[in-house]
Amino acid sequence: MKVLLTGGAGFIGSNLTRSMVLAGHNVLVIDKLTYAGNLSSIKDLIDAEKIDFSQLDLADASAIDDAMLQFAPNAVMHLAAESHVDRSIDGPGEFIQSNIVGTFNLLQASLKYTHTLSAASAKAFRFLHVSTDEVYGSLGETGAFTELTRYSPHSPYSATKAASDHLARAWHDTYGLPVVVTNCSNNYGPYQFPEKLIPVVILKALRREPIPIYGDGLNVRDWLHVEDHCAALKTALCHGTPGETYNIGGNNEMQNIELVSQICDLLDELQPNVDGRSYANLITFVADRPGHDRRYAIDSSKIQSELGWRPQHDRQSGLRQTVRWYLDNQAWWQSVLDQSYQLQRLGKAQAVAAN
Ligand code: NAD
């Protein structure tokens, strides 16, 4: 397939690009290269001419129209977004532009493009909209989000993702664009920007700096290895039914404190401190994130039973491989840290009207 993949220089997008190339697909990556976009994550693929790359902002509607018509894809995989909850608290404006307006522009460009195709090609075209479980809000002690759970986003990030999900479904229901939506739980793995929990913990520990845990550390997330997410996205693209939504999760719930302690144990084993002290001594509880959702859990039985996808990584080996990757790829994360972000805490500010 010829696939136009947005956000391919980001965490999940770069892993997905690599896996699409391995599967033999012809990929054009479109990415604005925000602070979170890192060309070094896919540089080898660009240099080897295994993918095409175009630095474009989804807010630029006419550039997106042109790229779509020139590349003439069979499918769009839409991952580009502002993705960090803490940043959305400090500056929601970028989230409105990229996540809502950007998705609108991409849907419109796709629709216009399908109008240039034969009826059979337009029917076979797919728009895969990649979203998050955060649109569903927070759970109590029990239960899990299904595809029928009512939307209840709490952060500016999740609110903009919810808006984009509704737009994607509306373009299917109203205009007949063959849209498939996926909502996935928290991902972990290689190439994740070091502002997110797992890389923050690893890199703070390696710098012997306090490892921050928000609130009481008892918030629960369902963690999925990024390679399992990519496999699910490929499955949803190739076998999902237009108009349908598929939840993706690892059935792998962990309290934040449990997760952080496991990472410290792995570091104690893989890169022990010379004085023998555990990295767990660096754990420091800090003020909670405003509006911090307590618990997320995903019921992914639909994609498992209807499309046959299953996660392959277990928690122990997935986390071990991830910690190992950050230890082995210092040049990658050091170049990221040498730019604008220095592992500082974000998301404490109140949004101001100017945003
Ligand atoms: P990321 O922040 O690592 O990467 C996002 C990429 O999108 C970056 O390369 C950035 O440059 C690009 N981008 C941002 N705004 C753009 C714009 N206006 N035009 C073009 N490119 C733009 O994000 P990620 O963690 O890889 O997440 C990718 C997608 O998956 C997002 O849509 C996110 O909502 C969704 N998702 C993420 C997770 C997770 O745990 N990371 C879980 C579920 C769903």
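So, here is what we can say about the structure in this document. (Residues numbered from 1 in each chain as written. Predicted model: local features only at pLDDT ≥ 70, side-chain atom pairs only at ≥ 80, totals over all residues. Heavy atoms only, no water.)

A tally of helices and strands in the protein chain yields 13 helices and 12 strands. Over its C-alpha trace the protein chain gives a radius of gyration of 20 Å, about what one expects of a compact globule, namely 20 Å for 355 residues. Seen through its principal axes, the protein chain has C-alpha atoms that stretch 70 × 45 × 45 Å. Looking at the protein chain residue by residue over its 355 residues, the buried ones come to 54%. Only carbon and sulfur atoms are counted for the fraction: they give 51% of the accessible area of the protein chain, which is about 14600 Å². The centroid of the 29 positive side-chain charges in the protein chain is displaced by 0 Å from the centroid of its 39 negative side-chain charges. (Helix = DSSP H or I, 4+ residues; strand = E, 2+ residues; numbered from the N terminus. Rg over C-alpha atoms; globule rule 2.2 N^0.38 Å. Buried < 20%, exposed > 50% of the residue type's maximum accessible area, 1.4 Å probe, protein only. Areas by Shrake-Rupley, 256 points an atom, 1.4 Å probe, with all protein chains shown as cover. Lys, Arg positive; Asp, Glu negative; His and termini not counted. Charge placed at Lys NZ, Arg CZ, Asp CG, Glu CD.)

Glancing now at the sheet that holds strand S11 (residues 253–255). The strands making up a sheet associate through backbone hydrogen bonding, with each pair oriented either parallel or antiparallel. Pairing within the open sheet is mixed, and its three strands lie in the order S7-S9-S11. With one partner strand each, in any of the chains shown, strand S7 (186–188) and S11 form the two edges of the open sheet. Between one strand and the next, the sheet's axes are offset by a mean angle of 50°, whatever the strand orientation. Across three bridges, strand S9 (residues 220–225) lies against S11 in antiparallel orientation. Bridge pairing links Asp222 to Glu253 in S11. This element, helix H10 (residues 256–270), spans S9 and S11 of the sheet and lies at about 85° to S11. (Pairing = 2+ DSSP bridges. Axes fitted to C-alpha atoms, helices over the stretch in contact; angles between N-to-C directions. Contact = heavy atoms within 4.5 Å.)

Close to the ligand lie 28 residues; Ile12, Asp31, Ser83, Tyr157 and Lys161 are nearest. Between an oxygen atom of the ligand and a main-chain N or O atom of Gly10, the distance comes to 3.0 Å. The contact in question runs from an oxygen atom of the ligand to an N or O atom on the backbone of Asn187, over 2.8 Å. Of all the elements in the fold, those that place two or more residues in the shell around the ligand are helix H1 (11–22), strand S5 (126–132), helix H7 (156–175) and S7. The element best represented in the shell around the ligand is S5, accounting for three residues. Considering only residue class, the shell around the ligand consists of 13 nonpolar, 11 polar and four charged. (Near = heavy atom within 4 Å. Polar contact = N/O pair within 3.5 Å; in protein donor to acceptor, adjacent residues only side chain to side chain. Nonpolar A, V, L, I, M, F, W, Y, C, P; charged D, E, K, R; others polar.)

Let us look at the pattern of salt bridges. Side chains that differ in charge, positive against negative, can pair when their charged atoms come close. One pass over the structure, following the stated rule, counts 14 salt bridges. Where Asp57 meets Lys32, a salt bridge forms, and the shortest distance between an N and an O atom there is 3.6 Å. Here Asp57 is found in the loop between strand S3 (51–55) and helix H3 (61–71), whereas its partner Lys32 is found in the loop between strand S2 (26–31) and helix H2 (43–47), with 25 residues between them in sequence. Put simply, Glu209 and Arg207 hold a salt bridge, and the shortest N to O gap is 3.5 Å. On the accessibility criterion, Glu209 (24% relative accessible area) is partly exposed. Here Arg207 falls in the partly exposed class, since its relative accessible area comes to 31%. (Salt bridge = Lys/Arg side-chain N within 4 Å of Asp/Glu carboxyl O.)

Let us now look at the side chain of Asn38. Position of Asn38 among the secondary structure elements: in the loop between S2 and H2. Of note is the side chain of Asn38, whose polar atom sits 2.8 Å from the side chain of Ser40. Apart from the residues within four sequence positions on either side, Asn38 is in contact with Ala9, Leu33, Trp332 and Val336.

Another aspect to go through is the sheet that holds S5. The sheet built from seven strands is open, its strands ordered S3-S2-S1-S4-S5-S6-S10 with parallel pairing. Only two strands of the sheet have a single neighbouring strand rather than two, namely S3 and strand S10 (245–248). Geometrically, the sheet is characterised by an average inter-axis angle of 20° between neighbouring strands, direction not taken into account. Examined bridge by bridge, strand S1 (residues 2–6) and strand S4 (residues 75–78) share four bridges and lie parallel to one another. Pairing of Thr6 across the sheet is with His78, part of S4.

It is worth spelling out helix H12 (residues 315–328) at this point. For H12, spanning 14 residues, the distance from its first C-alpha to its last is 20 Å, which sits close to the expected 20 Å at 1.5 Å a residue. Taken residue by residue, H12 has Gly318, Leu319, Thr322, Val323, Trp325, Tyr326 and Leu327 as its buried positions. Along its buried surface, H12 packs onto S7, helix H8 (197–206), S9, H10 and helix H13 (330–337). Backbone nitrogen of Gln316 and a side-chain oxygen of the N-cap are separated by 3.1 Å at the start of H12; the cap is Asp314. (Expected span 1.5 Å × (residues − 1).)

Checked against the element boundaries, Leu28 lands in strand S2. In sequence terms Leu28 and Phe71 are 43 residues apart; their C-alpha atoms lie 7.6 Å from each other. If sequence neighbours within four positions are ignored, Leu28 has contacts with Val3, Leu4, Leu5, Asp52, Phe53, Ser54 and Phe71.

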